[in-house]
Amino acid sequence: MKAFYANEQKRHKPKAYLSSGTARPHPEKPERVEILLAGASSAGLTVERPKNHGLGPITAVHTPEYLDFLEHIFARWQRIDGASAEVIPNIHPITRNGSYPASAVGQAGYHMADTVCPISTETWKSALWSAWSAVEAAEAVKAGAPSAYALCRPPGHHAFADVAGGFCFINNSAVAALALRRSAARVAILDVDLHHGNGTQGIFYARPDVLTVSLHADPVCFYPFFWGYASERGEGAGLGYNLNLPLPHKSGDAAFLEALAIALRRILAFAPEALVVALGLDAFEGDPFGGLSVTTLGFSRIGEAIAGLDLPTVIVQEGGYLCDALGDNLTAFLTGFGGRRGPG
Ligand SMILES: [Zn+2]
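Heads up: these notes are all about the structure in this document. None of these values were measured; they are calculated from a predicted model.

Across its full length, the chain carries 10 helices and 10 strands. Along the three orthogonal principal directions, the C-alpha set of the chain runs to about 55 × 45 × 40 Å. The contacts of the chain with a sequence gap of at least 6 include a subset with a gap of at least 24, amounting to 78%. About 13100 Å² of surface is accessible on the chain, with carbon and sulfur atoms providing 56% of the total. Taken as two groups, the 27 positive and 32 negative side-chain charges of the chain have centres that lie 4 Å from each other.

In the segment running from R153 into P154, the intervening peptide bond is cis, with an omega of 0 degrees. Note on placement: P154 falls in the loop between β5 (147–150) and α6 (172–181). Along the chain, Y223 connects to P224 via a cis peptide bond; the corresponding omega equals 10 degrees. For P224, the position within the fold is in the loop between β7 (210–217) and β8 (242–247). One non-glycine residue, F225, lies in positive phi territory at about 60 degrees. Structurally, F225 can be placed in the loop between β7 and β8. Backbone geometry places K250, a non-glycine residue, at a positive phi of 70 degrees.

At a closest axis distance of 10 Å, the pairing of helix α3 (residues 64–78) and helix α4 (residues 104–111) adopts a crossing angle of 135 degrees. Taken together, the axes of α3 and α4 lie oblique to each other. The way α3 lies across α4 gives a crossing that is left-handed. Facing α3, whose interface residues are E65, Y66, F69, I73, R76 and W77, α4 presents A104, V105, Q107, A108, Y110 and H111. Per-class residue counts for the contact of α3 with α4 are 8 nonpolar, 2 polar and 2 charged.

With that out of the way, let us pick up a nonpolar patch on the surface. There is a patch of nonpolar side chains on the surface, built from F225, F226 and W227 and spanning about 340 Å² of accessible area. As for its position among the elements, F226 is in the loop between β7 and β8. We classify F226 as exposed; its relative accessible area is 64%.

What counts and how
- Residues numbered from 1 in each chain as written.
- Predicted model: local features only at pLDDT ≥ 70, side-chain atom pairs only at ≥ 80, totals over all residues.
- Heavy atoms only, no water.
- Helix = DSSP H or I, 4+ residues; strand = E, 2+ residues; numbered from the N terminus.
- Contact = heavy atoms within 4.5 Å.
- Areas by Shrake-Rupley, 256 points an atom, 1.4 Å probe, with all protein chains shown as cover.
- Lys, Arg positive; Asp, Glu negative; His and termini not counted.
- Charge placed at Lys NZ, Arg CZ, Asp CG, Glu CD.
- Axes fitted to C-alpha atoms, helices over the stretch in contact; angles between N-to-C directions.
- Parallel < 35°, antiparallel > 145°, perpendicular 65-115°, else oblique.
- Left-handed = near helix turned anticlockwise from the far one by under 90°.
- Nonpolar A, V, L, I, M, F, W, Y, C, P; charged D, E, K, R; others polar.
- Patch = residues over 30% accessible without salt bridge, like charges linked within 9 Å, V, L, I, M, F, W, Y side chains within 5 Å.
- Salt bridge = Lys/Arg side-chain N within 4 Å of Asp/Glu carboxyl O.
- Buried < 20%, exposed > 50% of the residue type's maximum accessible area, 1.4 Å probe, protein only.

Written out as structure tokens, the structure reads:
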């Protein structure tokens, strides 16, 4: 299997991170990349640099207004007298029925869901290359590869069509899904990250052609708080095409695999022509977020079970933070997946 990654993805170095009102070191560190690269190479993957795919595949997911914001907000922010070194909003509209603000401060609040996705000078470039890694993996699968891995960093699944949030700016899994959708009538996205894929859900909520399924820690007292409940099933033509499987906190392999079996049955019933796996590794028992208790062996079983769908598959990296087994967990997933599917 090929992996895709560009060095520009390491340049984004978020510093500000507010959790339960306390400033802490930001967990989405560039150091994650080296560990994930080593994990992919231990599983036998070869890493290639993606091409510059331009904005085309990204505008399929995000609004032009939002992409313009992401590209230019850092420079605009720096022109504010006494502005911080990173763009961090201090006000948010509680609904979207007001007016679109003209100022940098107003737009930061409009387009950023929370304070944990600070934008610095390199953020736009890193996010673009991260998305292009996802596009390249989707193109490889469209060209006949059974599967491909996109080492996306920064991650993407908390980004909505016009809102950043939760360390995410461009929704790489959604970008990959719509790149696949150009030649597949139906595409499923299976999100196994510790956190609910709220951005991905929001992007496809009214669409019956992209099924979104997410396994995650129960959001009742966990990010993203407002989404991720089992009652969220889609709307309009998309009703019934979103499935949330929230798990009690600290659930381990058995509970995760049981929920995964439900997810896989739903995906099979949808009969997609291609699959995107939003692969977070933060459901690990030793991950600093500590929400679930999946083991390294568990990731191997998760990979194996997903491979059983036998679908053309793009694996997109989402979360998974610095801990001893981060690289091993990626190796375990990819080995489990590849072991069942064979080389390719
Ligand atoms: Zn996560």
